[in-house]
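# Residue-level structure breakdown
Each chain is listed here by its residues.
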Amino acid sequence: MQLKNNYRYTLITPLMILIAILGFTFRENNRKHFYIPIGVIGVYLVAEREYRRKTDRYRILNRIKNFQENK
């Protein structure tokens, strides 16, 4: 699902990672496991977005090369 205004999501992802790090370091021992899923999802969102950008750039570059060869 693509949204036209993704500025909120760019701020939420680092905030999720920050909350996970702070919660994991400053929380009691029996409550630390609560913050692990938040951190994992934050890291996943960053990695997935970077992978998508890389593949999109590669695809666009190939289209440009094909267009120049067909001219």
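We now turn to the structure provided with this report. (Residues numbered from 1 in each chain as written. Predicted model: local features only at pLDDT ≥ 70, side-chain atom pairs only at ≥ 80, totals over all residues. Heavy atoms only, no water.)

Helix and strand counts for the protein chain stand at two helices and zero strands. The buried share of the protein chain, taken over its 71 residues, is 10%. With the model as given, the accessible surface of the protein chain reaches about 6800 Å², and the carbon-plus-sulfur share is 62%. (Helix = DSSP H or I, 4+ residues; strand = E, 2+ residues; numbered from the N terminus. Buried < 20%, exposed > 50% of the residue type's maximum accessible area, 1.4 Å probe, protein only. Areas by Shrake-Rupley, 256 points an atom, 1.4 Å probe, with all protein chains shown as cover.)

This model, assessed by the stated rule, comprises two salt bridges. Among the ionic pairs, E48 bridges to R52, the shortest N-O distance being 2.7 Å. Pair noted here: E48 and R52 are both in helix α2 (residues 36-70), with a separation of four residues, about one helical turn. Residue E48 is classed as partly exposed on the basis of its relative accessible area, which comes to 24%. Its salt-bridge partner being D56, residue R59 comes within 3.0 Å of it at the nearest N-O pair. (Salt bridge = Lys/Arg side-chain N within 4 Å of Asp/Glu carboxyl O.)

Throughout the structure, instances matching the rule amount to one aromatic pair. Their ring planes at 85° and their centres at 5.2 Å tell us that F34 and Y35 sit as a pair that is edge-to-face. One residue, K32, lies across the ring of F24, its end atom 5.3 Å from the ring centre. (Phe/Tyr/Trp six-rings, centres within 6.5 Å; stacked < 30°, edge-to-face > 60°. Lys NZ or Arg CZ within 6 Å of the ring centre and 35° of its normal.)

So, on to a nonpolar patch on the surface. On the surface, a cluster of nonpolar side chains totalling about 500 Å² of accessible area is made up of L15, L18, I19, L22 and F26. Following the sequence through the fold, L15 ends up in helix α1 (residues 7-26). (Patch = residues over 30% accessible without salt bridge, like charges linked within 9 Å, V, L, I, M, F, W, Y side chains within 5 Å.)

The subject of this paragraph is the environment of G39. Counting through the fold element by element, G39 comes out in helix α2. Ignoring anything within four residues of it in the chain, the contact list for G39 reads I17 and A20. (Contact = heavy atoms within 4.5 Å.)

A word on the side chain of T13. With respect to the element layout, T13 can be found in helix α1. Note on T13: relative accessible area 9%, which makes it buried.

On to the environment of Y35. On the secondary structure map, Y35 appears in the loop between α1 and α2. The residues contacting Y35, other than those within four sequence positions of it, are I19, A20, G23, F24 and R27.

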